[in-house]
Amino acid sequence: MPQLSNRVRTFTDSVIRRMTRISNKYDAINLSQGFPDFDPPKEMLDALAKAAYEGPHQYSITFGAKNLREALAKKQGEAIGRIIDPEQEVVVTCGGTETMMCAMMTICNPGDKVMVFSPFYENYGADAILSGAEPIYIPLVPPEYDFDLSLIEKGFSEGAKAIIICNPSNPCGKVFSREELESIGKLAVKYDAFVVTDEVYEHLVYEPYYHTYMSSLPGMFEHTITCNSLSKTFSATGWRLGYLIGPAYVVEAAKKVHDFLTVGAAAPLQEAAVTGLQFSENYYRELRDTYAKKRDYLLRGLDRIGLKHNIPQGTYFVLIDIQGFLDLPQFEGYTDLEFCEWMIEHIGVAAVPGSSFFKEDVNHLIRLHFAREEKTLEEALNRLSGLMKLLP
Ligand code: GLN
């Protein structure tokens, strides 16, 4: 048989997305892959219906429809206090996943080192492999998920080309403080490196925490590649709309990478997304409040049941400690993945095994998300309470 490339041997399929398929097979409540069970705002659906009849239906400009780039530049410009040029500093992509891959392929040569925090969002491993980069992992240490800045300085001093920051952080819910971002930013400037920020959860940040845009810090726009998507902000994960914002010379190259990867995002969906980007501040406040309620509801339920968990400062994920179950004789030798598979089949709730997010050997955590209607979370909690019956 003809041989496949070496690169495809070095990573597996996404465990996050695999868990959704297993969940569907058993008709479980899917709290694994993070996506809402509610629709985008009605105004966007109406705009999509209109686009269905009035177009556009042919290719948009490869790096994004002009009106969408203008809307994105305006939103991000207001957020970071800088005028963003929609012609030269924005690329619309097919989702956050393409954005990250595009950023990595734009800046990395084979063998370039890139720092990645651990735990990390699963995609970054494959992004590094496909772009030829070598990840250097920087531990985020629980319970606060702090990091040692000297390790980051060491990485940069040894030639790391970039650091990837997922802020707010999937899966641990950390929201990087302004001071933390400033200290990392200063090092990126000192060593003339890039910061690639994945900010898809920018609007899911819970009080008293707040989101700081890396590119808003003094001198950082020139060093930051902001990766984002409309998926979480507009409950539209299936629309596959993302964007990359950065300095013009980076974006010029990123446009080429994006063009040859995908040509462009779906034109009617881009058209409908413009409507969402015109919402007022109220929309984002309500979104945050809605998710804050879901978070509190789930955390209270987990406490009632007696399942140990972290308290996410942002995102819609929570990590649950399953060590108490793994210590039971019936789960002897189980990996967290096997536990999640068991849980889907026997408890009826799907989670993602924590090991898919950690470089370290971590087997005692599973990740749940709470982008679900409250009644679904209630039923999930009922089912999860069944776990406690296993304990002596
Ligand atoms: N970010 C979401 C998660 O971690 C899913 C993203 C995706 O599957 N593309 O579950």
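Residues numbered from 1 in each chain as written. Predicted model: local features only at pLDDT ≥ 70, side-chain atom pairs only at ≥ 80, totals over all residues. Heavy atoms only, no water.

## Points about the pairing of strand 9 (residues 317-321)
As a general feature of sheets, a regular strand has side chains that alternate between the two faces. Selection criterion: Three labels apply to residues, based on accessible area from a 1.4 Å probe with only protein chains included: buried if under 20% of the type maximum, exposed if over 50%, partly exposed otherwise in between. Secondary structure is summarised from DSSP: a helix means a run of H or I of at least four residues, a strand means a run of E of at least two, and numbering begins at the N terminus for each. Strands are treated as partners if at least two bridges between them are detected by DSSP.
Burial analysis of strand 9 places 4 of its 5 residues in the buried class, the great majority of the element. Direction of pairing for strand 9 relative to strand 12 (residues 365-369): antiparallel, over a ladder of 5 bridges. Among the inter-strand pairings, Leu-319 is bridged to a residue of strand 12, identified as Arg-367.

## Re empty space enclosed by the protein
Left-over empty space is what a probe sized like a water molecule reveals as it rolls over the atoms. Test applied: Points on a 1 Å grid over protein atoms alone make up a cavity when a 1.4 Å probe fits among them but cannot get out, and a pocket when they form an open set with protein on both sides within 12 Å along at least five of seven lines; lining residues each have an atom within 4 Å of a point. Grid points are joined across faces, edges and corners, and a volume is the space filled by probe spheres set on the points. Under this grouping Gly is polar, as are all residues other than the nonpolar Ala, Val, Leu, Ile, Met, Phe, Trp, Tyr, Cys and Pro and the charged Asp, Glu, Lys and Arg.
Applying the stated criterion across every chain, the model contains 2 cavities of 30 Å³ or more. Looking at the largest cavity, its volume works out to about 50 Å³. In terms of lining, the largest cavity is formed by Val-116, Phe-117, Pro-119, Phe-120, Tyr-121, Tyr-124, Ile-164, Ile-165, Cys-166, Ser-169 and Asn-170. Of all elements in the fold, only strand 3 (113-118) and strand 5 (162-166) reach the threshold of two or more residues within the lining of the largest cavity. Considering each element in turn, the lining of the largest cavity owes the most residues, 3 residues, to strand 5. The class makeup of the residues in the lining of the largest cavity is 9 nonpolar, 2 polar and no charged. Empty space within the second largest cavity amounts to approximately 40 Å³. Lining the second largest cavity are Leu-307, Ile-320, Ile-322, Met-343, Ile-366, Leu-368, Leu-384 and Leu-387. Elements that contribute at least two residues to the lining of the second largest cavity include exactly strand 12 and helix 13 (374-388). Among the residues making up the lining of the second largest cavity, the classes are represented as 8 nonpolar, no polar and no charged.

## Remarks on the sheet that holds strand 12
If you walk across this open sheet you meet the 3 strands as 9-12-11, and the pairing is antiparallel. The open sheet has two edge strands with one neighbour each: strand 9 and strand 11 (352-353). Bridge count for strand 11 against strand 12 is 2 bridges, and the pairing is antiparallel. Counterpart to Pro-353 in the pairing with strand 12 is Ile-366.

## Considering the sheet that holds strand 8 (residues 242-245)
Note the cut-off: A fitted line through C-alpha atoms serves as each axis, taken over the contacting stretch for helices, and the angle formed by two N-to-C directions is quoted from 0 to 180°. Between two residues, a contact is recorded if the distance between any of their heavy atoms is within 4.5 Å.
Sheet architecture is open: 7 strands sit in the order 2-8-7-6-5-3-4, paired in mixed fashion. What marks the edges here is a single partner per strand, and that holds for strand 2 (90-93) and strand 4 (134-139). Each neighbouring strand pair of the sheet contributes to a mean axis angle of 20°, computed without reference to strand direction. Sheet topology note: the strand 3/strand 4 ladder contains 6 bridges and is parallel. Paired with Lys-113 across the two strands is Glu-134, which belongs to strand 4. In the packing of helix 4 (residues 96-107) onto the sheet, the strands contacted are strand 2, strand 3, strand 5, strand 6 (194-198), strand 7 (224-229) and strand 8, and the crossing angle to strand 7 comes to about 160°.

## Thoughts on the pairing of strand 12
In terms of burial, strand 12 is a largely internal element, 5 of the 5 residues being buried. Here strand 12 shows no split at all, with Leu-365, Arg-367 and His-369 on one side and Ile-366 and Leu-368 on the other all buried.

## Focus on the environment of Pro-41
With respect to the helices and strands, Pro-41 occurs in the loop between strand 1 (29-30) and helix 2 (42-54). As for Pro-41 and Ala-236, which are separated by 195 residues in sequence, their C-alpha atoms are 9.2 Å apart. In this structure, Pro-41 is in contact with Phe-234, Phe-279 and Tyr-283, ignoring residues within four places of it in sequence.

## Regarding the layout of surface pockets
In this structure, the largest pocket occupies an estimated 560 Å³ of space. Lys-75, His-203, Tyr-213, Glu-281 and Tyr-284 are the residues nearest the centre of the largest pocket, which is lined by 25 residues in total. When residues of the lining of the largest pocket are traced back to their parent elements, those giving at least two are helix 3 (66-80), helix 9 (267-277) and helix 10 (281-305). The element best represented in the lining of the largest pocket is helix 3, accounting for 6 residues. For the lining of the largest pocket, the class distribution of residues is 12 nonpolar, 5 polar and 8 charged.

## Some details on the nonpolar core
Selection criterion: Residues grouped as a nonpolar core are buried Ala, Val, Leu, Ile, Met, Phe, Trp, Tyr and Cys residues, joined through side-chain atoms within 4.5 Å.
Within the largest apolar cluster, 75 residues are counted, with the highest numbers of intra-cluster contacts made by Phe-234, Tyr-291, Leu-302, Phe-339, Met-343, Leu-384 and Leu-387. Ranked by the residues each element gives to this core, the list is headed by helix 10, at 9 residues. Counting residues in hydrophobic clusters, the runner-up holds 56 residues, among them Cys-108, Ala-133, Ile-138 and Val-250.

## A look at unusual backbone geometry
With omega at 5°, the peptide bond leading from Pro-142 into Pro-143 counts as cis. Within the secondary structure, Pro-143 sits in the loop between strand 4 and helix 6 (149-157). The amide bond that connects Asn-167 to the next residue, Pro-168, takes the cis arrangement and shows omega of -10°. Position of Pro-168 relative to the elements: it lies in the loop between strand 5 and helix 7 (178-190). Located in the positive-phi region is Asp-27, a residue other than glycine, with phi close to 55°. The topology assignment puts Asp-27 in the loop between helix 1 (15-26) and strand 1. The phi dihedral of Arg-240 falls on the positive side, at around 55°, and the residue is not glycine. On the accessibility criterion, Arg-240 (33% relative accessible area) is partly exposed.

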